[in-house]
Amino acid sequence: MPVPTKTFAHTSTVDVHPDKPEEACGVFAVFSPKDDVATLTYFGLYALQHRGQESAGIATFDHGSLNVHKDMGLVSQVFDEEVLQRLPGQWAVGHTRYSTTGSSRVANAQPAVLSTRLGDMALAHNGNVVNAAELREKLLKRNHTLLTTTDTELIALLMADAVNDGKDWIEAAIDACKQCEGAFSLTIATPEGILAIRDPNGIRPLVLGYFGGDDPKNGPGQYAVASETCGLDIVNAHHIRDVQPGELIWISEAGIKSLQWAQPQRRLCIFEMVYFARPDSVYHGESLYSYRKRLGNILAQESPADVDLIMPVPDSGIPAAIGFAEASGIPYAEGLIKNRYVGRTFIQPTQLMREAGIRIKLNPLRDVLEGKRILLVDDSIVRGTTSRKIVKALRDAGATEVHMRISSPPVTHPCFYGIDTDSQSQLIAATKSVEEIEAQIGVDTLAYLSWQGMLQATQQDTETFCSACFTGDYPVEIPEMFKRSKLMLEKTPVKA
Ligand code: SF4
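The structure presented is a predicted model; accordingly, all values stated were derived computationally and were not measured. (Residues numbered from 1 in each chain as written. Predicted model: local features only at pLDDT ≥ 70, side-chain atom pairs only at ≥ 80, totals over all residues. Heavy atoms only, no water.)

Colleague: Could you clarify how one ought to interpret the overall build of the protein chain in this entry?
Modeller: Across its full length, the protein chain holds 18 helices and 25 strands. For the protein chain, the proportion of its 496 residues judged to be buried stands at 58%. Contacts in the protein chain between residues far apart in sequence, at least 24 positions, make up 71% of those at least 6 positions apart. Roughly 19,400 Å² of accessible area belongs to the protein chain as shown, and the carbon and sulfur atoms make up 51% of that amount. (Helix = DSSP H or I, 4+ residues; strand = E, 2+ residues; numbered from the N terminus. Buried < 20%, exposed > 50% of the residue type's maximum accessible area, 1.4 Å probe, protein only. Contact = heavy atoms within 4.5 Å. Areas by Shrake-Rupley, 256 points an atom, 1.4 Å probe, with all protein chains shown as cover.)

Right under this line is the structure:
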């Protein structure tokens, strides 16, 4: 029987760092009949918390029966030891959510749970299905009542329909995925085992890990699946490989098997490498910390500056700033100290605090900054509002010059594949030249990394990546209605 959902009181919220795109979700799964799978999933989600902070959920299967708990809040707010004890099982899936499709409410929390003729299923999704409106129509015509506003429920219903039409779990998952377009990395728990599936473009990441012996005498192997390798590291699972674009992996008591359900296209989100994924994760075989340092190296060669100190915007600008300092030979220093305990949930600030502005999160170090020419490194500028406050705070603390270098090209287009970016008209680089942005955020000079520089650092082909937020080249066709919601169509034709 499902465990009743526990509800929490919440404070009103103020996003103290609103000027960054938000990651959509993190997914996790574990198959480990000898272990406490709910606790392993809790730790996996804890490591993936940066991918979504609005809600969290875990579903376990215990000898065929489903237990589930999900609610609004951080992983550490939604789960405690008592709740985890109510989630026994041999395998589990988990999810952390930040909404891109569907509003922020508990009904939309994941995993999505449905009953079928083969038993219950629980589905966790990271990404965004761009043909959701069409699928919604199709399901309504089949007399389904939709309980949420998410695309995740649509995928789950398509799969449940296929099961109820006589297909097995694997066939049903493939049937559902073939009807979906866009980005989807899925972990699905069923009474017979777990599924891990990635869309044909592999837009959002998904990795496979292993942490047990599969000697038949010891029982089947123990596996974990996560959005990022940091989710494997925390449960001590060894990263075997990425789940490939267009691949389905089935893990059950009979072992593990892989199917290529769709022709892989490989258009991985390059923004995961630049910013979203944790720097201690490995993405597409690449340490993201090393990659981001290389971005800084190349940026220093492309856009040098005569300054006294290289300084990051913490935390996201740190590896690139170190790379910039190494390549330029200019000292690296920290001039902004981050309050690491400011999360997305924050009490309404008083007027006095509002005037303190950015200092709620980042406090400048006067003795480092006074009389110095600073080069500030950040990973991206989206609207420019936070950059302007940071630059002002540095000048107020005594910096004589503030130059800015960005370790990615200008963000000119919104994302439709599971990252919450502003609409195009709110993206500063979509409407303003570099000189206009310099004036708006108040820096002496501003330079972005070139597109070629960002790719050169990946050491891969252009075709390997989705880069639509920098180029407008969307790898999966965006339905017209969806485009209109975010794009300035008359000014910027979409290529796909
Ligand atoms: S549009 Fe940008 S953020 Fe979205 S998937 Fe493509 S590269 Fe990633």
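Colleague: Help me understand the site of the ligand in this model?
Modeller: Looking at the ligand, there are 13 residues lining it, with I203, C269, C415, C466 and C469 nearest. Taken together, the elements giving at least two residues each to the shell around the ligand come down to helix 8 (270-276) and helix 17 (468-471). Looking at the shell around the ligand, its residues break down into 11 nonpolar, 1 polar and 1 charged. (Near = heavy atom within 4 Å. Nonpolar A, V, L, I, M, F, W, Y, C, P; charged D, E, K, R; others polar.)

Colleague: How should the nonpolar core be read in this particular structure?
Modeller: For soluble globular proteins, the rule of thumb is that nonpolar side chains tend to be buried together. Counting residues in hydrophobic clusters, the biggest one holds 48 residues, and the most contacted among them are F271, Y291, I310, Y417 and M454. Going through the elements one at a time, strand 15 (268-269), helix 8, helix 9 (288-302), helix 10 (318-328), strand 21 (373-378), helix 16 (451-458), strand 25 (465-466) and helix 17 are the ones with two or more residues in this core. A per-element tally of this core places helix 9 first, with 6 residues. Composition of this core by domain shows at least three residues from each of domain 1 (26-266) and domain 2 (290-339 + 347-459). Within the second largest apolar cluster, 35 residues are counted, among which are V129, L158, L186 and L248. (Core = buried A, V, L, I, M, F, W, Y, C linked by side-chain atoms within 4.5 Å. Domains from an automatic or database assignment.)

Colleague: Quick question: what am I supposed to make of the packing of aromatic side chains here?
Modeller: The description of an aromatic ring pair rests on the distance of the ring centres and on the angle between the ring planes. Applying the stated criterion across every chain, the model contains 13 aromatic pairs. Measuring from centroid to centroid gives 6.5 Å for Y42 and F79, while their planes differ by 80°, and the two rings are edge-to-face. With Y42 in helix 1 (residues 37-47) and F79 in the loop between helix 2 (75-78) and helix 3 (81-85), the pair connects residues that are 37 residues apart, well separated along the chain. With respect to class, Y42 is no different from F79; both count as buried. The structure contains a cluster of three or more aromatic residues connected by ring pairs, namely Y42, F43, Y46 and F79. (Phe/Tyr/Trp six-rings, centres within 6.5 Å; stacked < 30°, edge-to-face > 60°.)

Colleague: Looking at this structure, how should I read the sheet that holds strand 18 (residues 309-312)?
Modeller: The strands making up a sheet are joined through hydrogen bonds of the backbone, oriented either antiparallel or parallel. What the 4 strands build is an open sheet, ordered 18-21-22-24; its pairing is parallel. Looking along the sheet, the strands with just one partner apiece sit at the ends: strand 18 and strand 24 (445-448). With strand direction ignored, the average angle separating the axes of adjacent strands in the sheet is 20°. As paired elements, strand 18 and strand 21 share 4 bridges and run parallel to each other. Bridged to M311 within strand 21 is L376. Strands in contact with helix 13 (residues 385-396) are strand 21 and strand 22 (401-406); relative to strand 22, the strand with the most contacts, it is inclined by about 150°. Here helix 15 (residues 434-441) sits on the sheet and contacts strand 22 and strand 24; the angle it forms with strand 24, its principal contact strand, is near 130°. (Pairing = 2+ DSSP bridges. Axes fitted to C-alpha atoms, helices over the stretch in contact; angles between N-to-C directions.)

Colleague: Before we go on, may I ask you to explain the sheet that holds strand 2 (residues 25-31) in this structure?
Modeller: Across the sheet, which stays open at both edges, the 7 strands sit in the order 4-3-5-2-11-10-12 with antiparallel pairing between neighbours. Each edge of the open sheet carries a strand with a single partner, namely strand 4 (65-72) and strand 12 (238-242). Averaged over all neighbouring strand pairs, the angle between strand axes comes to 15°, with direction disregarded. Examined bridge by bridge, strand 10 (residues 207-210) and strand 11 (residues 223-226) share 4 bridges and lie antiparallel to one another. Across the sheet, residue V207 finds its bridge partner in strand 11, namely A226. This element, helix 1, spans strand 2, strand 3 (55-62) and strand 5 (91-97) of the sheet and lies at about 25° to strand 5.

Colleague: Quick question: what am I supposed to make of the pairing of strand 7 (residues 119-129) here?
Modeller: Look at any regular strand and the pattern is simple: side chains alternate between the two faces of the sheet. Among the 11 residues that make up strand 7, 9 are buried, leaving the element largely enclosed by the rest of the structure. Here strand 6 (residues 112-116) runs beside strand 7; their pairing, made up of 5 bridges, is antiparallel. By the bridge assignment for strand 7, V113 is matched with A122. Between the end of strand 6 and the start of strand 7, which pair antiparallel, lie 2 residues. In this structure, strand 7 lies alongside strand 8 (residues 182-190), joined through 8 bridges in antiparallel fashion. Paired with A122 across the bridge in strand 8 is A189.

Colleague: Mind showing me how you'd approach a nonpolar patch on the surface here?
Modeller: On the surface, a nonpolar cluster with roughly 280 Å² of combined accessible area is contributed by F43, Y46 and I234. Within the element layout of this structure, F43 appears in helix 1. Under the relative-accessibility criterion, F43 is labelled partly exposed at 37%. (Patch = residues over 30% accessible without salt bridge, like charges linked within 9 Å, V, L, I, M, F, W, Y side chains within 5 Å. Salt bridge = Lys/Arg side-chain N within 4 Å of Asp/Glu carboxyl O.)

Colleague: I keep staring at the packing of helix 9 against helix 10 and nothing clicks. Help me out?
Modeller: The description of two helices packed together rests on the angle between their axes and the distance between the axes. Interhelical geometry of helix 9 versus helix 10 gives an angle of 45° and a closest axis separation of 6 Å. Classified by the angle their axes make, helix 9 and helix 10 are oblique. For the crossing formed where helix 9 meets helix 10, the hand is right-handed. Between helix 9, through Y289, R292, K293, G296, N297, L299 and A300, and helix 10, the contact on the second element is made entirely by P319, A320, I322, G323, F324, E326, A327 and S328. (Parallel < 35°, antiparallel > 145°, perpendicular 65-115°, else oblique. Left-handed = near helix turned anticlockwise from the far one by under 90°.)

Colleague: In this structure, what is going on with the pattern of salt bridges? I would like to understand it.
Modeller: A side chain with one charge may pair with a side chain of the opposite charge, provided their charged atoms come close. Scanning the model with the defined rule gives 20 salt bridges in all. The shortest N-O distance in the salt bridge between R294 and E286 comes to 2.7 Å. On the basis of relative accessible area, E286 is assigned to the buried category, the value being 13%. When the shortest N-O distance is used, the salt bridge between K293 and E326 registers 3.2 Å.

Colleague: Explain unusual backbone geometry to me, please; I cannot follow it from the model alone.
Modeller: The omega angle of the peptide bond from Q110 to P111 is 5°, so this bond is cis rather than trans. Inspection of the secondary structure puts P111 in the loop between strand 5 and strand 6. A cis amide bond links P314 to the next residue, D315, at an omega of -10°. Secondary-structure assignment places D315 in the loop between strand 18 and helix 10. Even without being a glycine, H63 presents a positive backbone phi close to 50°. With respect to the secondary-structure elements, H63 resides in the loop between strand 3 and strand 4. According to the relative accessible area criterion, H63 is exposed, its value standing at 71%. We note that R266 has phi near 55°; this positive angle belongs to a residue other than glycine. By secondary structure assignment, the location of R266 is in the loop between strand 14 (255-260) and strand 15.

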